[in-house]
Amino acid sequence: MTEMHIPVLIVGGGGAGLTASMLLSTYGVDSLLISRSPHTSRLPKAHVLNQRTMEIFTEVGVADAIYERGTPPENMKATAWYAGLSGDHANYGRELGRLEVWGGGYTDPDYIAASACRTTNLPQIRLEPVLKEHAELLGRSEIRFNHELLSLEQDGEGVTARILDRASEEEYSVRADYLLGADGGHVVGAAVGIEMSGPRDIMKLVSVHMGADLSQWLGDDEVLIRWLVNPNFGGSWASGILVPMGPDHWGPKSEEWVFHMQYATDDLDAMQEEKVLERMRATLGIADFSPKIFRISAWVMEGVIADRFRDGRVFLLGDAAHRHPPTGGLGLNSAVHDAYNLVWKLVAVLRGQAGYGLLDTYEAERKPVDQHNIDNAIANAMNHYKIDEALGLSPDKSADENWAELRPLWDDLPASRDKRHALNCAIGSQTIEFRHHNVEFGYTYSSAAVVDDGSDPYTPLDPVRLYEPSTKPGHPLPHAWVEREGERLPLGTLVHGDYFLLIAGEDGNAWVEAAEKLAAEHNLPLRAVRVGVLDSDYVDVRCAWLKNREITSTGAVLVRPDRYIAFRSMEAVDDPKAVLTGTLNQILSTDLTEGAA
């Protein structure tokens, strides 16, 4: 049996695995990615890609291709609730209400101020081939689909994996320094004795991926997700959710769609294709509806998380570490963010620039964030029942009774004002899903790789909806447009290429000189710049950095390669080199005074 050696073996070819592959290649580290499947995902699955994710994809050079194939911003400004789609009632298909989604097509000032990257929408069936192609083009990672992990063993020096080439039926061995389990929880976690816990039977749904022209029934070009609250079926989850899949047109002219319907967890009809299609036709109100069916899949919402994210030299990320309800679009994005948090740390250890203790901070940082995302996604799913409650709809009422509940929305009746306001409040509550900016973008880290500056604990104005830029250690670097030599660029891009970034104020030359000496003496990927409105290395042209930096002109912040603030000094110190040495020793779990990790 042949054997090969590689620094990092990645098991799993979905969003987490392919992102890890691209990052490793970008940072100059070889890897091998294997996937048991002969192809990328055939299920529509996740589709929303948030600002943080698109920043990461920008760094590895694949963002433009994703934006080109994804939903145009004008077709993903809102979500809306409708009284079904079609039927014999005069009010079928009538809009009940709508809400902006995830920055309203990059028109929300808070989203524009947060990042140079806008949220986009590209179903996983179309995203993964783009990621795979780009990972292969980068050239440092070998990608092998239809290769299955049979077993793994690890020791103090590395991991030995036995792999089957399913096409040739030949086995081979891979010796890796580290193994990343991104296989959706199929093999790696169980192989190292890691279990998952959390609710597993939240809700059962059936998804129909189909090709169909629905433009004659649909308007509203700006609506991304349509909640068909059909009074004949008594509510939103029971009626169904309609999501466009493109690929060439979006909005009402989308060529493909996914229709989600809720079933009881023990309902056997969910496993019978003809009964599923029969129910879909009835719910949509189109008796002769005969779309092209690509796939019908039954699945159960769950909110589980791995008891541990690491076992020795084996790490879990993505669905192997946590599985979320789809509400809020947090699952795939969390997987990408897992990879971004972990890979720079692995690279620092592989280069000898950090000690193994740095790897302990992966679970310490990501597990609380992923658990919070799970909790938020579950709350999002349950919160949709507030729409039904506000409308007064119920599966236990007759169709006529449910339609009568909607009359005050459109006709001026004694109950109209109260009903309309109740619905307005219920739709406003959905901002926990469709404007959860602090959840998807403003999450914070706390670990040994973050040096506390003793400032007051962060208490958010709203822990879900409002991202508040800050340079407090553990927070993401605030966005600012800066200029040098006439070129404008986002401040955060200065970390691209796996760099630490020291940002000093206009009068922070001592910090810059100290950082440059440390970088030269220890061969550290550390850049140092002064950013300010006047005399500085990068000009803060819109004063966005000045507004959010929270340091004086003599202070400095140290940003990690994943764009998180690791250290902050409000002003000058007597010995900046000594302070930075101690800071990097803590972050990297090393001793720079000894010159070795």
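Model, not experiment: these values are computed from the prediction.

So what about the overall build of the protein? Which residues, and what values?
Within the protein, the secondary structure is distributed over 18 helices and 27 strands. With respect to the three principal axes, the spread of C-alpha positions in the protein is 80 × 65 × 40 Å. Put simply, of all contacts in the protein between residues at least 6 apart along the chain, 72% involve residues at least 24 apart. For the protein, the computed accessible surface area is about 23,300 Å², with 48% contributed by carbon and sulfur atoms.

Residues and numbers for the pairing of strand E8 (residues 147-154), please.
Here seven bridges tie E8 to strand E9 (residues 159-165), and the two strands are oriented antiparallel to one another. Looking at E9, one finds that Gln154 is bridged to Val159. Hairpin remark: E8 followed by E9, antiparallel, with four residues in the connecting loop.

Describe empty space enclosed by the protein, and please don't skip the residues or the numbers.
Inspection of every chain in the model, using the stated rule, returns three cavities of 30 Å³ or more. Here the largest cavity is characterised by a volume of approximately 70 Å³. Around the largest cavity, the lining residues are Gln51, Pro73, Met76, Val101, Trp102, Gly103, Gly105, Tyr106, Tyr111, Arg118 and Thr119. Estimated volume of the second largest cavity: approximately 50 Å³.

Tell me about the sheet that holds strand E14 (residues 241-246), and name the residues and values.
In space, the seven strands of this open sheet follow the order E5-E4-E13-E14-E15-E12-E16, with mixed pairing throughout. Of all strands in the sheet, those bounded by a partner on one side alone are strand E5 (95-100) and strand E16 (292-301). Across the sheet, the mean angle separating the axes of adjacent strands is 20° when strand polarity is ignored. As paired elements, strand E4 (residues 78-82) and strand E13 (residues 223-228) share five bridges and run parallel to each other. Each residue of the ladder has a partner; that of Trp81, found in E13, is Trp227.

Account for the layout of surface pockets, with residues named and values stated.
Considering only enclosed or pocket space, the second largest pocket measures out at about 350 Å³ in volume. For the lining of the second largest pocket, the secondary-structure elements that each account for two or more residues are helix H4 (109-114) and helix H17 (544-548). Sorting elements by how many residues they give to the lining of the second largest pocket places H4 first, with four residues. Across the lining of the second largest pocket, the residue classes tally to 10 nonpolar, two polar and three charged.

Go over the nonpolar core with me, naming the residues and quoting the values.
A general tendency of soluble globular proteins is for nonpolar side chains to be buried together. Counting 117 residues, the largest nonpolar core has Leu9, Phe57, Ile66 and Leu502 as its most contacted members. By residue number, the principal contributor to this core is helix H9 (residues 330-350), which donates 12 residues. Each residue touching Ile66, except ones within four places of it in the same chain, is listed here: Leu49, Met54, Phe57, Thr120, Leu122, Leu127, Val130 and Leu131. Leu224, Ala390, Ala426 and Ile427 belong to the second largest nonpolar core, which has 34 residues in total.

I'd like a rundown of the packing of aromatic side chains, residues and numbers included.
Per the stated rule, a full pass over the model turns up 12 aromatic pairs. Centre to centre, the rings of Trp81 and Trp227 are 6.4 Å apart; their planes meet at 15°, and the pair counts as stacked. Linking Trp81 in strand E4 with Trp227 in strand E13, this pair joins segments that are 146 residues apart in sequence. Residue classification places Trp227 among the buried positions, given a relative accessible area of 3%. Between Tyr443 and Tyr564, the ring centres sit 5.8 Å apart and the planes meet at 25°, which makes this aromatic pair stacked. You can see Tyr443 sitting in the loop between helix H15 (437-440) and strand E21 (481-484) and its partner Tyr564 sitting in the loop between strand E26 (556-559) and strand E27 (565-569), a full 121 residues away along the chain. The class of Tyr564 is buried, set by a relative accessible area of 2%. In this structure an aromatic cluster arises from ring pairing among Tyr178, Phe309, Phe315 and Tyr362. Seen from the ring of Phe145, Lys132 lies directly overhead, with NZ or CZ sitting 5.3 Å from the centre. In this structure, Arg279 is placed above the aromatic ring of Tyr263, and the distance from its NZ or CZ to the ring centre is 4.4 Å.

Could you give an account of the environment of Thr431, naming the residues involved and the relevant values?
Mapped onto the secondary structure, Thr431 falls in helix H14 (residues 431-434). Linking Thr431 and Val304, residues 127 residues apart in sequence, is a C-alpha distance of 24 Å. In contact with Thr431, other than residues within four places in its own chain, are Leu99, His436 and Arg465. At a separation of 2.6 Å, a polar atom in the side chain of Thr431 contacts the side chain of Arg465.

Go over the packing of helix H1 (residues 15-26) against helix H2 (residues 51-60) with me, naming the residues and quoting the values.
Remark: H1 packs on H2, axes separated minimally by 9 Å, with the N-to-C direction vectors making an angle of 45°. Taken together, the axes of H1 and H2 lie oblique to each other. Considering how the two elements wind past one another, H1 and H2 form a crossing that is left-handed. The segment H1 lies against H2, with Thr19, Met22, Leu23 and Thr26 engaging Ile56, Phe57, Glu59 and Val60.

Got a sec to walk through unusual backbone geometry? Specific residues and values, please.
For the bond running from Gly246 to Pro247, omega is 10°, close enough to zero to count as cis. Among the secondary structure elements, Pro247 is positioned in the loop between E14 and strand E15 (256-263). In this model, Lys45 sits at a positive phi of 45°, which is unusual for a non-glycine residue. With respect to the helices and strands, the residue Lys45 is situated in the loop between strand E2 (31-35) and strand E3 (48-49). Its relative accessible area of 46% is what places Lys45 among the partly exposed residues. The residue Glu169 is not glycine, and still its phi comes out positive at about 65°. Counting through the fold element by element, Glu169 comes out in the loop between E9 and strand E10 (170-181).

Lay out the sheet that holds strand E20 (residues 322-323) in plain terms, naming residues and giving numbers.
With antiparallel pairing, the three strands of this open sheet are ordered in space as E11-E17-E20. Of all strands in the sheet, those bounded by a partner on one side alone are strand E11 (196-197) and E20. Across the sheet, helix H10 (residues 357-383) is in contact with strand E17 (304-306) and E20; its angle to E17 comes to roughly 170°.

Run through the pairing of strand E24 (residues 526-532), naming residues and quoting values.
Burial within E24 is extensive, with six of its seven residues counted as buried. In this structure, E24 lies alongside strand E25 (residues 538-539), joined through two bridges in parallel fashion. For Val531, the partnering residue across the bridge sits in E25 and is Tyr538.

Parameters and conventions
- Residues numbered from 1 in each chain as written.
- Predicted model: local features only at pLDDT ≥ 70, side-chain atom pairs only at ≥ 80, totals over all residues.
- Heavy atoms only, no water.
- Helix = DSSP H or I, 4+ residues; strand = E, 2+ residues; numbered from the N terminus.
- Contact = heavy atoms within 4.5 Å.
- Areas by Shrake-Rupley, 256 points an atom, 1.4 Å probe, with all protein chains shown as cover.
- Pairing = 2+ DSSP bridges.
- 1 Å grid on protein atoms, 1.4 Å probe; cavity = no way out; pocket = protein on both sides within 12 Å on 5 of 7 lines; lining within 4 Å.
- Points joined across faces, edges and corners; volume = space filled by probe spheres on them.
- Axes fitted to C-alpha atoms, helices over the stretch in contact; angles between N-to-C directions.
- Nonpolar A, V, L, I, M, F, W, Y, C, P; charged D, E, K, R; others polar.
- Core = buried A, V, L, I, M, F, W, Y, C linked by side-chain atoms within 4.5 Å.
- Buried < 20%, exposed > 50% of the residue type's maximum accessible area, 1.4 Å probe, protein only.
- Phe/Tyr/Trp six-rings, centres within 6.5 Å; stacked < 30°, edge-to-face > 60°.
- Lys NZ or Arg CZ within 6 Å of the ring centre and 35° of its normal.
- Polar contact = N/O pair within 3.5 Å; in protein donor to acceptor, adjacent residues only side chain to side chain.
- Parallel < 35°, antiparallel > 145°, perpendicular 65-115°, else oblique.
- Left-handed = near helix turned anticlockwise from the far one by under 90°.

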